[in-house]
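Reading the structure
This is what each chain is made of:
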Amino acid sequence: MQADTPPRFDNLAQVERIDSSSPSLVFGFQAYGEEGDLHRLEKALKAARIEFQRFDYHTRSVVVSPPYSVAASMVTNMWKKAASGEFGTLRVDILLVDKDAAADGVEIDELEVVRPDEIR
């Protein structure tokens, strides 16, 4: 019997955490905020053809995660715009995975949530 293999993603941007020299990959991002601000982000994501999911449970949020049909730089630019306030007052969390750990696929428990100011 063959074990399930975690999915591999080849189109992820490489970054470094400020407190580490080990390379990480940006798996995606999650933005939280008011309805109008999230709507502006969603409109920009649609215009850029970046797929996302919307959650309206305990808190409203937009989640961007692979697979991506666009360049990793477009996803990076979008979370940077969201974090800089371009769409309003959104809290943005970046989902990172260690580059070496991702070599054989990405497991959900390998993801780490960081603030944008924690990476370079």
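Just so we're clear, the structure is a prediction, and the values are computed from it rather than from any experiment. (Residues numbered from 1 in each chain as written. Predicted model: local features only at pLDDT ≥ 70, side-chain atom pairs only at ≥ 80, totals over all residues. Heavy atoms only, no water.)

Counting 32 residues, the largest nonpolar core has Phe29, Leu41, Met78 and Ile94 as the members making the most contacts within it. Taken together, the elements giving at least two residues each to this core come down to strand 2 (23–32), helix 1 (35–47), strand 4 (60–64), helix 2 (72–84) and strand 5 (91–98). The contact partners of Met78, leaving out residues within four places of it in the chain, are Phe29, Leu41, Ala44, Leu45, Ala48, Ile50 and Phe87. (Core = buried A, V, L, I, M, F, W, Y, C linked by side-chain atoms within 4.5 Å. Buried < 20%, exposed > 50% of the residue type's maximum accessible area, 1.4 Å probe, protein only. Helix = DSSP H or I, 4+ residues; strand = E, 2+ residues; numbered from the N terminus. Contact = heavy atoms within 4.5 Å.)

The terminal C-alpha atoms of helix 2, which comprises 13 residues, lie 18 Å apart, in line with the 18 Å expected from a rise of 1.5 Å per residue. Among all positions of helix 2, only Ala72, Val75, Thr76, Met78, Trp79 and Ala82 are buried. What you see down the axis of helix 2 is that its buried residues fit within an arc of 160°, all on one side. Next to the buried residues of helix 2 lie strand 1 (13–16), strand 2, helix 1, strand 4 and strand 5. (Expected span 1.5 Å × (residues − 1). Arc of directions from axis to C-beta.)

The subject of this paragraph is the confidence of the model for the protein. For the protein, per-residue confidence averages 89 on the pLDDT scale, and 93% of positions sit at 70 or higher. Predicted confidence in the protein is weakest over helix 3 (residues 99–102), with a mean pLDDT of 86, and strongest over helix 1, with 97. (pLDDT = per-residue confidence, 0-100.)

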